[in-house]
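Working through the structure, step by step
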Amino acid sequence: MTPLYYDYAASLGYLTITTNRLMGARLNRCFAAAGLPVKAEQWSALGFLWNTPGLNQEEMAQALCLDKSSLSRLLDGLERKGYIRRERDPADARRKRVFPTQAADALRLPCLAIVMENLRQVQAGIPAEDLALCRNVLECMQRNIREEQALQRNTA
């Protein structure tokens, strides 16, 4: 009997997870070297809030692919640092909307400069059409997963 073999190193799941971890660790080092008191995970949450302030926590959890408890811990840390504030949703008192503070806004441009430089460096030598194809493939995979999740929720 032939043993089952799965080439983890060639798996898109393995490649995306490890690339994400490597990029996050690299970004953390660059933020620290610049004296910026933010981590990659915090940057991603703040990025969503800068683009769409007032998201509720459920929307943020979906956007960041985090469960409620992980998002809550992330937001608690950002709130302790004074980078976000949570307000009750006027339409639904059970929900809280999240907004970046002025302290967070002061980090936006310095962080963005570091993020953009990091992307430039890690994407060096990759043709634009390959990057576009990579984005398209990953977006299609995400769409397939999200559609499956929606079907499971609707049939549960």
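Placed above this text is the structure.
Cut-offs used in this document
- Every chain is numbered on its own, with residues counted from 1 as its sequence reads.
- Owing to the predicted nature of the model, reporting of local features is limited to residues with pLDDT of at least 70; listing and counting of side-chain atom pairs is limited to 80 or more, with chain, interface and lining totals taken over all residues.
- Side-chain metrics in this entry use all non-hydrogen atoms of the structure; hydrogen atoms and water are not considered.
- A helix here means a DSSP run of H or I that spans at least four residues, while a strand means a run of E at least two residues long, and both kinds are numbered starting from the N terminus.
- The cut-offs for exposure are 20% and 50% of the maximum accessible area for each residue type, with area from a 1.4 Å probe on protein chains only; residues under the lower value are buried, those over the upper are exposed, and the others partly exposed.
- When checking whether two residues touch, look at their non-hydrogen atoms; a contact exists if any pair is within 4.5 Å.
- Here the Shrake-Rupley method, with its probe set to 1.4 Å, supplies the accessible areas, and only the displayed protein chains count as covering residues.
- Joining through side-chain atoms within 4.5 Å is the link that ties buried Ala, Val, Leu, Ile, Met, Phe, Trp, Tyr and Cys residues into a set, and such a set is a nonpolar core.
- In what follows, salt bridge is the name for a side-chain nitrogen of Lys or Arg lying within 4 Å of a carboxyl oxygen of Asp or Glu.
- Pairing between strands is defined by DSSP: at least two bridges between them are needed.
- Here the aromatic set is Phe, Tyr and Trp, taking the six-membered ring for Trp, and pairing holds for ring centres within 6.5 Å; pairs whose planes are under 30 degrees apart are stacked, those over 60 apart are edge-to-face, and all others are tilted.
- A pocket here means an open set of points on a 1 Å grid, computed over the protein atoms alone, that has protein on both sides within 12 Å along at least five of seven lines. A cavity is instead a set of points where a 1.4 Å probe fits but cannot get out; residues with an atom within 4 Å of a point line either one.
- Grid points are joined across faces, edges and corners, and a volume is the space filled by probe spheres set on the points.
- Following the grouping adopted for this structure description, the nonpolar residues are Ala, Val, Leu, Ile, Met, Phe, Trp, Tyr, Cys and Pro, the charged ones are Asp, Glu, Lys and Arg, and the polar ones are all others, Gly among them.

**Overview of the overall build of the chain**
- If you tally the helices and strands in the chain, you get 6 helices and 3 strands.
- Ordered by position from N to C terminus, the α and β elements of the chain give α-α-β-α-α-β-β-α-α.
- Overall, the C-alpha framework of the chain stretches about 60 × 45 × 30 Å when taken along its three principal axes.
- Residues counted as buried form 27% of the 156 residues belonging to the chain.
- Intrachain contacts of the chain at a sequence separation of at least 6 include 51% that bridge at least 24 residues.
- Working note: accessible area of the chain is about 11000 Å², and carbon and sulfur atoms make up 57% of it.

**Overview of the nonpolar core**
- F31, L46, M60 and L78 are the most contacted members of the largest nonpolar core, which has 26 residues in total.
- Counting residues per element, the ones that place at least two in this core are α1 (12-33), α2 (40-51), α3 (57-64), α4 (68-80) and α5 (102-122).
- With 6 residues, α2 is the single largest residue contributor to this core.
- Look past the residues within four positions of L78 in its chain and what remains in contact with it is Q42, A45, L46, Y83 and I84.

**Remarks on the pattern of salt bridges**
- The full count for this structure, using the stated rule, is 9 salt bridges.
- Put simply, R86 and E79 hold a salt bridge, and the shortest N to O gap is 2.9 Å.
- Close ionic contact of R95 with D92 constitutes a salt bridge, the shortest N to O distance being 3.8 Å.
- For D92, a relative accessible area of 18% corresponds to the buried category.
- Residues joined by salt bridges that share partners form a network here, namely E58, D92, R94 and R95.

**Comments concerning the pairing of strand β3 (residues 92-100)**
- As defined by bridge partners, strand β1 (residues 55-56) adjoins β3 across 2 bridges and the pair is classed as antiparallel. Opposite N56, over in β3, you have R97 as the bridge partner.
- Connecting strand β2 (residues 84-89) to the antiparallel partner β3 that follows it, the hairpin turn spans 2 residues.

**Overview of the packing of aromatic side chains**
- Taken as a whole, this structure holds 3 aromatic pairs when the rule is applied.
- Seen from their ring centres, Y6 and Y8 are 4.9 Å apart, and the 80° between their planes marks the pair as edge-to-face.
- Taking the relative accessible area as the measure of exposure, Y8 reaches 56% and is therefore exposed.
- Plain terms: the ring middles of F31 and W43 are 6.5 Å apart, the flat faces sit at 55° to each other, and that makes the pair tilted. Of this pair, F31 sits in helix α1 while W43 sits in helix α2, and the two are 12 residues apart along the sequence. Assigned by exposure class, F31 and W43 land together as buried.
- Three or more aromatic residues link up through ring pairs in this structure, and these residues are F31, W43 and W50.

**Here's the deal with the layout of surface pockets**
- The volume enclosed by the largest pocket comes to roughly 2300 Å³.
- In terms of residue count, α1 provides more of the lining of the largest pocket than any other element does, 14 residues in total.
- Here the residues of the lining of the largest pocket are counted per class, giving 27 nonpolar, 13 polar and 6 charged.
- Approximately 190 Å³ is the volume found for the second largest pocket.
- Elements with a minimum of two residues in the lining of the second largest pocket: α3, α4 and β3.
- Residue composition of the lining of the second largest pocket, grouped by class: 1 nonpolar, 3 polar and 5 charged.

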